[in-house]
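Each chain is listed here by its residues.
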Amino acid sequence: MTIGHEYVGEIAALGSGVTGLTVGQRVSGEGHITCHHCRNCHNGNIQWCRDTVSVGVDRDGAFAEYVCIPQENVILIEPSLPEDVVAFFDAFGNATHTALMFPVIGEDVLITGAGPIGIIAAAIVRYAGARRVIITDVNDYRLELARKMGVDAAVNTAREDLPQIMKEQGLTEGFDVGLEMSGNGAALSQMINSMRNGGKIALLGISNKPVPMNMNTIITKGLTLQGIYGRRLDNWHQMSYMVQGGLDISPIITHRYHYTEFEKGFEAMNSGRSGKVVLDWTAKRED
């Protein structure tokens, strides 16, 4: 599993009434448990269920030997998929939902926020056929990690000029698609100003305070802003198929620890000098 509430494992036991699953199957789990009877649940948009209960937030999470979730939340995992990558399918799913919200084939894409999810999203839009992929942040470690994942430019906005980089990359009208992953008001403002007329923005980053924005610019540019939360159920299939089709996101894993060293994992994560941190829950060998 990774630092967070993401996990991969095997079914240890089945509750009464469970059908179609067997003990020992390799699985992960959708972390949002929904009501199954509201309008959004009925039309497949479980990510918008207003009665969502989150694994690891509202009920016990995956920092335990066993996790109990409803049958509807169990996701079967192909045996061929690499364990370390499946361990962060939760975050991969957030990135997939955001990156594929709007068509990106042949488009120029701006990503604000080079955290692990933002970098994964960059890899996805590149895999999906984007023309130019540019990511911004102020963290040089993570910008370098984004370069390893194949972005066309990784821009430190604290000392580099985004409009100049756009010019160097051949962008004449602005970005077609924006993926806001930072939750930073200044980054969102820069994104809005950098979009072409008619551009589309998917918003995943969550701020810890209200974020002001220039409504006049949004209106006169005719921008579309779409909030993103969680994953759609079909994102789980898309993740598996992209990995099987050759998308390599393993470079986002920068640290690996045994679960007994979880404090080192949190230290790496909180330092800002890490991508995904993977914990191994197998029995530790004695030297």
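Scroll up to find the structure this text is about.
All of the points below concern the structure found in this document. Note that the coordinates shown come from a computational prediction; the quantities given were computed from them, not determined experimentally. (Residues numbered from 1 in each chain as written. Predicted model: local features only at pLDDT ≥ 70, side-chain atom pairs only at ≥ 80, totals over all residues. Heavy atoms only, no water.)

## Remarks on the pairing of strand β12 (residues 253-258)
Of the strand pairs in this sheet, β12 and strand β13 (residues 276-280) are connected by five bridges, and their pairing is parallel. Counted as the bridge partner of H258 is D280 from β13. Handedness of the β-α-β unit built from β12, helix α10 (residues 262-271) and β13 comes out right-handed. (Pairing = 2+ DSSP bridges. Helix = DSSP H or I, 4+ residues; strand = E, 2+ residues; numbered from the N terminus. Right-handed = clockwise from strand over helix to strand, strands pointing away.)

## Some words on the environment of V104
Mapped onto the fold, V104 is located in the loop between α3 (89-99) and β6 (108-112). Considered as a pair, V104 and R132 are 28 residues apart in the sequence and their alpha carbons are 9.8 Å apart. Non-local contacts of V104, meaning those with residues more than four positions away in its chain, are made with A99, V109, V125, A128, G129, A130 and V177. (Contact = heavy atoms within 4.5 Å.)

## Considering unusual backbone geometry
Phi is positive for H36, close to 70 degrees, though the residue is something other than glycine. Overall, the relative accessible area of 40% leaves H36 in the partly exposed class. (Buried < 20%, exposed > 50% of the residue type's maximum accessible area, 1.4 Å probe, protein only.)

## A closer look at the sheet that holds strand β1 (residues 9-10)
Think of a sheet as strands paired side by side through backbone hydrogen bonds, with each pair either parallel or antiparallel. Across the sheet, which stays open at both edges, the three strands sit in the order β1-β2-β5 with antiparallel pairing between neighbours. The two strands at the open ends of the sheet, each matched to only one other strand, are β1 and β5 (74-76). Bridge analysis of β1 against strand β2 (residues 26-29) gives two bridges, and the strand direction is antiparallel. From the neighbouring strand, G9 faces β2, where its bridge partner is V27.

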